[in-house]
Amino acid sequence: GGGGGHGPPPAPQHTETLGFYESDRRRERRRSRAELSLLRFLSAELTRGYFLEHNEAKYTERRERVYTCMRIPRELEKLMVFGIFLCLDAFLYVFTLLPVRVFLALFRLFTLPCYGLRDRRVLQPAQVCDILKGVILVICYFMMHYVDYSMMYHLIRGQSVIKLYIIYNMLEVADRLFSSFGQDILDALYWTATEPKERKRAHIGVIPHFFMAVLYVFLHAILIMVQATTLNVAFNSHNKSLLTIMMSNNFVEIKGSVFKKFEKNNLFQMSNSDIKERFTNYVLLLIVCLRNMEQFSWNPDHLWVLFPDVCMVVASEIAVDIVKHAFITKFNDITADVYSEYRASLAFDLVSSRQKNAYTDYSDSVARRMGFIPLPLAVLLIRVVTSSIKVQGILSYACVILFYLGLVSLKVLNSIVLLGKSCQYVKEAKMEEKLFNPPPASAPGKPPGKSQNKCKGSQACGYDRLAGHPFLITRVCFSTEETLSASVTSQPTHQKENVIPLLVTSSSDQLLTTPDGDEKDITQENSELKHRSSKKDLLEIDRFTICGNRID
């Protein structure tokens with residue numbers, strides 16, 4: 001009763017009930033609402049801080065990406081310059097050393113009764129291939145005389161701009177398709193003509209292969225002539241609209257390449273494609289300048305009229321390649337060091353083609369690696385030069401001889417410098433041992449182990465001589481001169497299959513490593529399967545990389 005005058009007892013402060021916590025939360029919410037104000041919000045926004053080191057790995061990675069993009073132009077151009085000089089070496093070979101080699105092979109063929117047949121072959125395989133190349137060049141050159149360049153020029157000039165743009169794109173696609181199949185045709189001809197006769201015949205004969213090769217070189221030369229004519233029309237158009245559209249086509253290439261997933265092998269393909277494309281464009285620009293200078297009676301002033309357009313085309317090509325490779329490496333987390341690996345792989349091709357057991361000529365090796373086939377381009381350039389420049393009189397012929405000797409000097413100097421640089425790149429990449437590693441497999445019907453034991457001794461001693469000499473370049477050049485006849489005469493029948501697994505490792509993700517240790521304990525059947533799979537990988541990586549992206 002006495003307590004009735006007082007109010008209800010106060011709620012306990014520490015009772016663990018749901019209602020207490022809810023009321024406490026309401027109280028805190030009311031207090032926080034009272035404290036909220038615009039000034040307090042602005043003060044918090046202006047004074048709040050954060051620490052980048054809390055996510056150090058992320059920001060370090062972003063900085064490295066920026067540095068990689070900054071390094072890409074330099075590394076890419078070093079690869080491009082090296083690759084362009086490789087293509088130039090293979091291209092000059094057709095004009096300088098190939099005619100001399102054809103003459104020597106024909107001299108041996110005609111003087112054979114005087115010396116007698118010392119071995120089983122009338123001509124060595126390399127000499128047969130040289131004669132075939134020379135005959136194809138001569139036949140296609142005379143066939144090109146039936147193609148009227150002037151009529152083609154005016155026919156193309158009469159088309160509309162948009163139609164010419166479509167034609168030029170179609171020509172680029174056709175050029176890639178021709179190049180991808182053309183070297184197969186030439187390789188099939190060379191192998192059919194030099195295959196040992198005791199083998200069972202599994203081909204259609206040398207004559208059909210020869211006609212196929214002549215037809216291919218002729219059609220590809222006409223295709224490149226149409227490309228050069230279209231470019232010439234673009235240069236001579238009054239408003240330069242066609243040239244601008246053709247240059248913008250390079251930037252469309254960025255959209256088609258940058259946003260695709262690339263691995264190292266795919267990027268190697270595209271790098272080879274860009275090297276071949278840039279060198280071909282340089283030759284096309286040379287043809288365009290020759291035709292224009294002929295039309296203006298070789299007036300030097302007209303060359304300065306063409307010079308800005310030529311620089312614009314070259315600059316756009318370089319800019320597009322740099323932007324494309326920079327973003328591809330950024331999106332796919334590829335470091336800039338990969339271009340030095342690509343350069344070492346190209347150098348490995350050059351050095352290995354100078355070995356005693358080389359299975360191909362270097363110009364054919366460039367054709368397989370980059371898709372650059374010099375024969376059609378050489379036929380077209382000879383046709384354009386002979387039609388543009390008239391040789392009359394003894395002094396003119398003397399100038400032609402001096403020009404040929406200058407080309408030979410340029411070829412020899414370029415080859416020496418390239419061989420020296422290639423040996424340096426191979427040595428820096430620690431790929432010297434691969435030059436003299438025994439082939440992992442022999443003929444298809446024989447076990448691979450026997451061929452290894454058979455050729456290991458001679459190749460190992462060659463490697464000891466090379467590694468023991470302080471001047472690697474000099475030693476390689478000396479051994480090349482010393483064994484020139486031996487390299488011509490010793491063409492193994494299945495050397496191509498043996499070297500293929502070796503080149504796979506030089507251009508894949510494991511460029512500088514070889515899986516020799518893991519293969520010692522497996523059975524013979526597994527090793528053959530492994531060699532087959534690696535050969536298949538090489539065909540995807542190495543052969544005709546001009547299409548840029550491998551279709552998965």
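An unreviewed UniProt entry lists the chain under the name Transmembrane anterior posterior transformation protein 1 homolog, with Muntiacus muntjak as the source organism. Turning to the chain, the UniProt annotation filed under Subcellular location (unreviewed entry) states: "Membrane". Checking UniProt for the chain, the heading Sequence similarities (unreviewed entry) contains the comment "Belongs to the TAPT1 family."

Participant: Outline the nonpolar core, supporting the account with residue identities and numerical values.
Facilitator: The biggest cluster of nonpolar side chains holds 108 residues, and the ones touching the most others in it are F91, I136 and F235. For this core, the element with the most residues is helix α9 (residues 206–236), which contributes 16 residues. F91 has contacts with F279, V283, F372, P374, L377, A378 and L381, leaving out every residue within four places of it along the chain.

Participant: Explain helix α12 (residues 300–331) to me, and be specific about the residues and the numbers.
Facilitator: Each α-helix turn comprises 3.6 residues. Residues three or four places apart therefore point the same way. Helix length check: α12 (32 residues) gives 47 Å between terminal C-alpha atoms against 46 Å at 1.5 Å per residue, within 8%. At L306, α12 is bent by approximately 35°, the largest bend along its length, and proline P308 sits one to four residues beyond. Positive phi appears at D333, one or two residues downstream of α12, with a value of about 55°.

Participant: Hey, could you go over the UniProt feature "transmembrane region" (unreviewed entry) in the chain for me, with residue numbers and the actual values?
Facilitator: Taken from the UniProt record, the annotation "transmembrane region" (unreviewed entry) applies to residues 79–111, 131–147, 206–226, 372–389 and 395–420. Across residues 206–226, the secondary structure splits into 100% helix and 0% strand, with the terminal C-alpha atoms separated by 30 Å. The span residues 372–389 is 83% helix and 0% strand, and its two end C-alpha atoms sit 27 Å from each other.

Participant: Residues and numbers for the packing of helix α8 (residues 161–194) against α9, please.
Facilitator: At a closest axis distance of 9 Å, the pairing of α8 and α9 adopts a crossing angle of 155°. Classified by the angle their axes make, α8 and α9 are roughly antiparallel. In this structure, α8 meets α9 at a crossing whose hand is left-handed. When the residues that make up the contact of α8 with α9 are grouped by side-chain class, the tally is 20 nonpolar, 7 polar and 2 charged.

The rules we used
- Residues numbered from 1 in each chain as written.
- Predicted model: local features only at pLDDT ≥ 70, side-chain atom pairs only at ≥ 80, totals over all residues.
- Heavy atoms only, no water.
- UniProt positions renumbered as here; feature names shortened; annotations may be inferred.
- Core = buried A, V, L, I, M, F, W, Y, C linked by side-chain atoms within 4.5 Å.
- Buried < 20%, exposed > 50% of the residue type's maximum accessible area, 1.4 Å probe, protein only.
- Helix = DSSP H or I, 4+ residues; strand = E, 2+ residues; numbered from the N terminus.
- Contact = heavy atoms within 4.5 Å.
- Expected span 1.5 Å × (residues − 1).
- Bend = angle between axes of the 7 residues up to and from the residue.
- Axes fitted to C-alpha atoms, helices over the stretch in contact; angles between N-to-C directions.
- Parallel < 35°, antiparallel > 145°, perpendicular 65-115°, else oblique.
- Left-handed = near helix turned anticlockwise from the far one by under 90°.
- Nonpolar A, V, L, I, M, F, W, Y, C, P; charged D, E, K, R; others polar.

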